[in-house]
Amino acid sequence: MSVLPPVRRDRVIAQLPQYFRKEAAQHTKEDFNNKVKTACQEQRTGTVGRFKISKVIVVGDLAVGKTCLINRFCKDAFDKNYKATIGVDFEMERFEVLGVPFSLQLWDTAGQERFKCIASTYYRGAQVVIIAFDVTDVASLGHVRQWLEDALKENDPTAVQLFLVGTKKDLSSPAQYSQIEQDAIKIAQEISAEYWAVSSLTGENVKEFFFRVASLAFETNVLAELEKSGSRQIGDVVRINSTSNNLYTSSKKKQPSCCQ
Ligand SMILES: Nc1nc2c(ncn2[C@@H]2O[C@H](COP(=O)(O)OP(=O)(O)OP(=O)(O)O)[C@@H](O)[C@H]2O)c(=O)[nH]1
Ligand SMILES: [Mg+2]
């Protein structure tokens, strides 16, 4: 019996959410990968949908708005008073993507130098790294590469999905914003990150952004499961039967010829 409540209706993702800027997107396809869609329809997503939880870390300079970003999405709340994060904090968010349950563990880390050493011990095992900068503070954009380096020290750089997020869009005039966006897109391209700009005060793009993160992380996980399973059908139960000559026996009636 499942002890978890059903996924909230406003966390259901049926279609691939689109990128923010085409020139700095992880991919520009309009829909989920066909193999992923078929696997979801046939409930062959392996550990995804059962116990797989993807870890997401949010890093960036102090006071750029990391905590506000997470709170806007998870609690639909905004606090105008700054309260520094000491070490780390985390929130769990449950989604349903193409009918499959999928969870993100969102780690909110401290940007203040004196708390950074505690926070960095929690960077390990991240599938997604979100680097936040403040669109009204050019220096915070300048520190993006340092944050990336720190985050990748603890993770496999080839396995991490990267996002660069400009925060506090509401505080910037269109002219100021478009200036910094050009620089941000350039950096995003150089570090292979997908670029977004959001406002936690107004909520602009916040839900769209996290839906995109969840969808791309989900897609990557299902593709990895499909690859891992190789010729074996994922979703099948693997039994080890000592009385059988066959070490691996699929629970499905139809077995591959090598097991007959
Ligand atoms: N106008 C506006 N202010 C924002 C926005 N996001 C955050 N702020 C403000 O910026 C300040 C810092 O926000 P936090 O979310 O606490 O910053 P942080 O990155 O978590 O800071 P650390 O925990 O110290 O690393 C607060 O006063 C927020 O109210 C936004 O989208 N618009
Ligand atoms: Mg914080």
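Higher on the page you've got the structure.
Treat the numbers as computed from the prediction; the structure is a model and nothing was measured.

S.K.: I would appreciate a short explanation of unusual backbone geometry in the present structure.
M.R.: As a rule of thumb, non-glycine residues mostly have phi less than zero, and peptide bonds are mostly trans rather than cis. Positioned with a positive phi, Asp76 is a non-glycine residue whose angle comes to about 50°. Among the secondary structure elements, Asp76 is positioned in the loop between helix H2 (66-75) and strand S3 (88-97). A positive phi angle, near 60°, is found at Lys168, a position not held by glycine. By the secondary structure assignment, Lys168 is in the loop between strand S6 (161-167) and helix H6 (174-191).

S.K.: Is there a simple way to think about helix H5 (residues 144-153) in this case?
M.R.: The complete set of buried residues in H5 reads Val144, Trp147, Leu148, Asp150 and Ala151. Summarising the axial view, the buried residues of H5 lie within an arc of 165°, below the 170-degree limit, and thus occupy one face. Residues of H5 that are buried in the fold lie against strand S2 (53-60), helix H3 (113-120), strand S5 (128-134), helix H4 (138-142), S6 and H6.

S.K.: I keep staring at the coordination of the magnesium ion (ligand 2) and nothing clicks. Help me out?
M.R.: Coordination angles at a metal have ideal targets, namely 109.5 degrees for four tetrahedral donors and 90 or 180 degrees for six octahedral donors. Looking at the magnesium ion (ligand 2), one finds its protein donor set to be Thr67 (OG1) and Thr85 (OG1), positioned 2.0 to 2.1 Å from the metal centre. Of this pair, Thr67 sits in helix H2 while Thr85 sits in the loop between H2 and S3; the two residues are 18 residues apart in sequence, bridging distant segments of the chain.

S.K.: Could you clarify how one ought to interpret the nonpolar core in this entry?
M.R.: Nonpolar side chains tend toward joint burial in soluble globular proteins. Within the largest apolar cluster, 66 residues are counted, with the highest numbers of intra-cluster contacts made by Ile130, Leu164, Tyr195, Phe209 and Phe218. Here the element with the most residues in this core is helix H7 (residues 206-229); it accounts for 11 residues. Not counting the four nearest positions on each side in its chain, Phe218 is found in contact with Val36, Cys40, Val48, Val97, Leu98, Val100 and Phe102.

S.K.: Sorry if this is basic, but what is going on with the side chain of Gln112 here?
M.R.: Position of Gln112 relative to the elements: it lies in the loop between strand S4 (100-109) and H3. Owing to a relative accessible area of 14%, Gln112 belongs among the buried residues under this scheme. In terms of polar contacts, Gln112 uses its side chain to reach the side chain of Arg114, at 2.9 Å.

S.K.: I would appreciate a short explanation of the packing of aromatic side chains in the present structure.
M.R.: Centre distance and the angle of the planes are the two values used to describe a pair of aromatic rings. With the rule as written, the count across this model stands at 12 aromatic pairs. For the ring pair Phe73 and Phe95, a centre distance of 6.1 Å and an interplane angle of 15° mean the geometry is stacked. With Phe73 in helix H2 and Phe95 in strand S3, this pair connects stretches of sequence that are 22 residues apart. Here the two residues Phe73 and Phe95 agree in accessibility, since each one is buried. With a centroid separation of 5.4 Å and 75° between ring planes, the pair formed by Phe102 and Phe218 is classed as edge-to-face. Of the two residues, Phe102 is situated in strand S4 and Phe218 in helix H7; the sequence distance between them amounts to 116 residues. A residue is classified by how much of its surface remains accessible, and Phe102, at 1% relative accessible area, is buried. For Phe218, a relative accessible area of 0% puts it in the buried group. In this structure, Lys116 packs its charged tip against the face of Trp147, placed 4.4 Å from the ring centre. We note Lys169 situated over the ring of Tyr177; from NZ or CZ to the ring centre the distance is 4.9 Å.

Conventions and cut-offs
Residues numbered from 1 in each chain as written. Chains lettered and ligands numbered in written order. Predicted model: local features only at pLDDT ≥ 70, side-chain atom pairs only at ≥ 80, totals over all residues. Heavy atoms only, no water. Helix = DSSP H or I, 4+ residues; strand = E, 2+ residues; numbered from the N terminus. Buried < 20%, exposed > 50% of the residue type's maximum accessible area, 1.4 Å probe, protein only. Arc of directions from axis to C-beta. Contact = heavy atoms within 4.5 Å. Donors = N, O, S within 2.8 Å, 3.2 Å for Na, K, Ca; no water. Core = buried A, V, L, I, M, F, W, Y, C linked by side-chain atoms within 4.5 Å. Polar contact = N/O pair within 3.5 Å; in protein donor to acceptor, adjacent residues only side chain to side chain. Phe/Tyr/Trp six-rings, centres within 6.5 Å; stacked < 30°, edge-to-face > 60°. Lys NZ or Arg CZ within 6 Å of the ring centre and 35° of its normal.

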